[in-house]
Amino acid sequence: MWTIDRETLPALELGAALLGSGGGGQTTLFRVLAEQAVRDHGPVTVIDPSEAPDDVTVVHVGLVGAITAFAEKPMGGGEFTHAFTSLVPTGGGPHLVAGYEGAGANAFAGILVAAETGTPLLDVSGMGRALPRLDQTTYTAAGLSMSPFALIDTSGTLVRIDTDTPSEAERLLRANTALLGGWAGFAGYRLPIARVRQHGVAGTLRAATDLGTALLEVDSTAKSVTGARHLASGRVIEVEWRHGSSFGAGSLTLRTADDQRVLRIEMQSEFLVVIDDGIPVATTPDIICLLDQRSLRPIQAERVSVGSEVHVLTLGAPARWLEEDALPLVDPRAFGYSLDYVGL
């Protein structure tokens, strides 16, 4: 058991951005919202799944839709909490809250709910990194449903959906999120703690906080952070986006500082594949990160530009993603690349 307070949040923000793998949305606004929630309601108690009572049910929360829409249409107040409470039946026994993603901006959604309701926050997620689709979870890999799930917009409009298949749930989620203004508070994957222990990615918030702490403490000349593998450092010489898919697709080309190598990084919502002089050297679900060489801060895929000087790092994927039933959901082929997973 540990607590998240205002002093914890800067490290969590940095680590969550790293786990975002170039995606997951801008974290700053959500960190500010979490600071306000902790200031108003006090520190949040975080518990490991192994510490949770055996009779609890876990509801996973987060933002769905576009972070850009969230910035243009800010919260009315309590969207994530209202979505959470809509799935907690009266007399239905004890419930805990968790984030479905645990990376990027969504690392903070569970904190908001926990602070506002006094509910302990379970340190687990269904992804352990950023991914673009809500059916790309370790729970889906285990055959567990996100339904019933709730979506709520800034005016308080609540949509509750119950459907059988992950693909249909994803389709209905995306269609309704668009109708609700481009983003919505989500609550779903209402699961018994035994299933969460077995199939969730435990320790996501702790991992993010530890990564962020390490990054805050490294020397300004560092090229990597504890636990990461440094692939290259260099300057971005080309960025190309190809529109047409649901999430967009693109690539960037980087020339190393010694002019000896050229890397290409394939990206969609996140960085997905690193190719070094024609050879794939890193792929999803391992977490590919770009750090600005001067600030040592993570750079999002959509913000990389020609001339950016970056370090390219990889972090190992959560172990659950490397299991036989889960890997096909998140390997390069799941994103349209004719490549097999290349492990660290």
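Up top is the structure.
The structure presented is a predicted model; accordingly, all values stated were derived computationally and were not measured. (Residues numbered from 1 in each chain as written. Predicted model: local features only at pLDDT ≥ 70, side-chain atom pairs only at ≥ 80, totals over all residues. Heavy atoms only, no water.)

1. Thoughts on the packing of helix α2 (residues 28-41) against helix α5 (residues 109-117)
Spelled out, the test is: Every angle, taken between N-to-C directions, lies between 0 and 180 degrees, and every axis is a line fitted to C-alpha atoms, over only the stretch in contact when it is a helix. Numbering of helices and strands runs from the N terminus, with a helix taken as a DSSP run of H or I at least four residues long and a strand as a DSSP run of E at least two residues long. The labels follow the angle: roughly parallel below 35 degrees, roughly antiparallel above 145, roughly perpendicular from 65 to 115, and oblique for the rest. By convention the crossing between two helices is left-handed if the near helix lies anticlockwise of the far one by an angle smaller than a right angle, and right-handed if it lies clockwise. A contact between two residues is defined here by any heavy atoms of the two lying within 4.5 Å. Under this grouping Gly is polar, as are all residues other than the nonpolar Ala, Val, Leu, Ile, Met, Phe, Trp, Tyr, Cys and Pro and the charged Asp, Glu, Lys and Arg.
Here α2 crosses α5 at 15°, and the two axes come no closer than 9 Å. By the angle class used here, α2 and α5 are roughly parallel. When the axes of α2 and α5 are compared, the crossing they make is left-handed. Between α2 and α5, the residues in contact are Leu33, Ala34, Ala37, Val38 and His41 and Ile111, Leu112, Ala115 and Glu116, respectively. Partitioning the contact of α2 with α5 into residue classes produces seven nonpolar, one polar and one charged.

2. Focus on empty space enclosed by the protein
Cut-off, in case you're wondering: Grid spacing is 1 Å over the protein atoms alone, the probe is 1.4 Å, and a cavity is where that probe fits but cannot get out, while a pocket is an open set with protein on both sides within 12 Å along at least five of seven lines and lining residues have an atom within 4 Å of a point. Grid points are joined across faces, edges and corners, and a volume is the space filled by probe spheres set on the points.
Applying the stated criterion to the full structure yields one cavity of 30 Å³ or more. One number sums up the size of the largest cavity: a volume of about 60 Å³. Taken together, the elements giving at least two residues each to the lining of the largest cavity come down to β5 (121-122), β6 (124-125) and α9 (204-217). Looking at the lining of the largest cavity residue by residue, the class counts come to five nonpolar, six polar and no charged.

3. Points about unusual backbone geometry
Applicable threshold: Buried residues are those whose accessible area, probed at 1.4 Å on protein chains only, stays under 20% of the maximum for their type, while exposed residues exceed 50% and partly exposed ones sit between those limits.
For the bond running from Ser147 to Pro148, omega is -5°, close enough to zero to count as cis. With respect to the helices and strands, the residue Pro148 is situated in the loop between α6 (138-141) and β7 (149-152). In this model, Thr284 is joined to Pro285 through a cis peptide bond whose omega is 15°. Topologically, Pro285 is positioned in the loop between β15 (279-283) and β16 (287-292). We note that Leu296 has phi near 55°; this positive angle belongs to a residue other than glycine. Among the structural elements, Leu296 can be located in the loop between β16 and β17 (309-315). Residue Leu296 is classed as buried on the basis of its relative accessible area of 4%.

4. Considerations on the nonpolar core
Rule in force here: Among buried residues, the Ala, Val, Leu, Ile, Met, Phe, Trp, Tyr and Cys ones that are joined through side-chain atoms within 4.5 Å form a nonpolar core.
Counting 53 residues, the largest nonpolar core has Ile4, Leu12, Val44, Phe80, Phe108, Ile111 and Leu121 as its most contacted members. Excluding anything up to four places from it in sequence, Phe80 contacts Phe30, Val61, Gly62, Leu63, Met75, Ala109, Leu112, Val113, Trp183, Gly185 and Phe186.

5. A closer look at the pattern of salt bridges
Note the following rule: A carboxyl oxygen of Asp or Glu within 4 Å of a side-chain nitrogen of Lys or Arg is what we treat as a salt bridge.
Taken as a whole and judged by the stated rule, the model has 14 salt bridges. For Glu168, the salt bridge identified is with Arg171, shortest N-O distance 2.7 Å. Of this pair, Glu168 and Arg171 both sit in helix α7 (residues 166-179), three residues apart, which is roughly one turn of the helix. A relative accessible area of 27% places Glu168 in the partly exposed class. The residue Arg320 makes a salt bridge to Asp325 at a minimum N-O spacing of 2.9 Å.

6. A look at the layout of surface pockets
Roughly 870 Å³ of volume is contained in the largest pocket. Lining the largest pocket are 37 residues, with Gly65, Ala66, Ile67, Ser269 and Glu302 sitting closest to its centre. For the lining of the largest pocket, the secondary-structure elements that each account for two or more residues are α2, β3 (57-65) and α3 (67-72). Broken down by element, the residue count for the lining of the largest pocket peaks at four residues, all from α3. Lining of the second largest pocket is provided by 17 residues; of these, Ala17, Thr27, Pro298, Ile299 and Gln300 occupy positions nearest its centre.

7. Some words on the sheet that holds β15
Selection rule: Strand pairing follows a simple DSSP-based rule, namely that at least 2 bridges must link the two strands.
The sheet built from seven strands is open, its strands ordered β15-β14-β13-β12-β11-β17-β16 with antiparallel pairing. Either end of the sheet is taken by a strand with one partner, and the two such strands are β15 and β16. Between one strand axis and the next, the sheet turns through 35° on average, direction left out of account. As defined by bridge partners, β16 adjoins β17 across six bridges and the pair is classed as antiparallel. In the sheet register, Ile287 faces β17, and the bridge partner there is Leu315. Its contacts with the sheet put helix α1 (residues 9-19) on β16 and β17, and the angle it makes with β16 is roughly 125°.

8. Some remarks on the packing of aromatic side chains
Where we set the bar: Two rings from Phe, Tyr or Trp (for Trp, the six-membered ring) form a pair when their centres are within 6.5 Å of each other. A pair whose planes differ by under 30 degrees is stacked, one over 60 is edge-to-face, and the rest are tilted. Placement of a positive charge over a ring is assigned whenever Lys NZ or Arg CZ falls within 6 Å of the ring centre and within 35 degrees of the normal to the ring plane.
If you walk through the whole model with that rule in mind, you get seven aromatic pairs. Geometrically, the ring pair formed by Phe30 and Phe80 is tilted, given 6.0 Å between the ring centres and 55° between the ring planes. Of this pair, Phe30 sits in helix α2 while Phe80 sits in helix α4 (residues 79-86), and the two are 50 residues apart along the sequence. In this pair, the class of Phe30 matches that of Phe80, namely buried. Pairing Tyr100 with Phe186 gives two aromatic rings, centres 5.6 Å apart and planes at 80°, and the pair type is edge-to-face. Of this pair, Tyr100 sits in the loop between β4 (95-99) and α5 while Phe186 sits in strand β9 (residues 183-192), and the two are 86 residues apart along the sequence. Across the pair, Phe186 and Tyr100 agree in class, each one buried. In textbook terms, an aromatic cluster arises when at least three aromatic residues are bridged by ring pairs, as seen for Phe30, Phe70, Phe80 and Trp183. Over the aromatic face of Trp2 sits the side chain of Arg206, whose NZ or CZ is 4.0 Å from the ring centroid.

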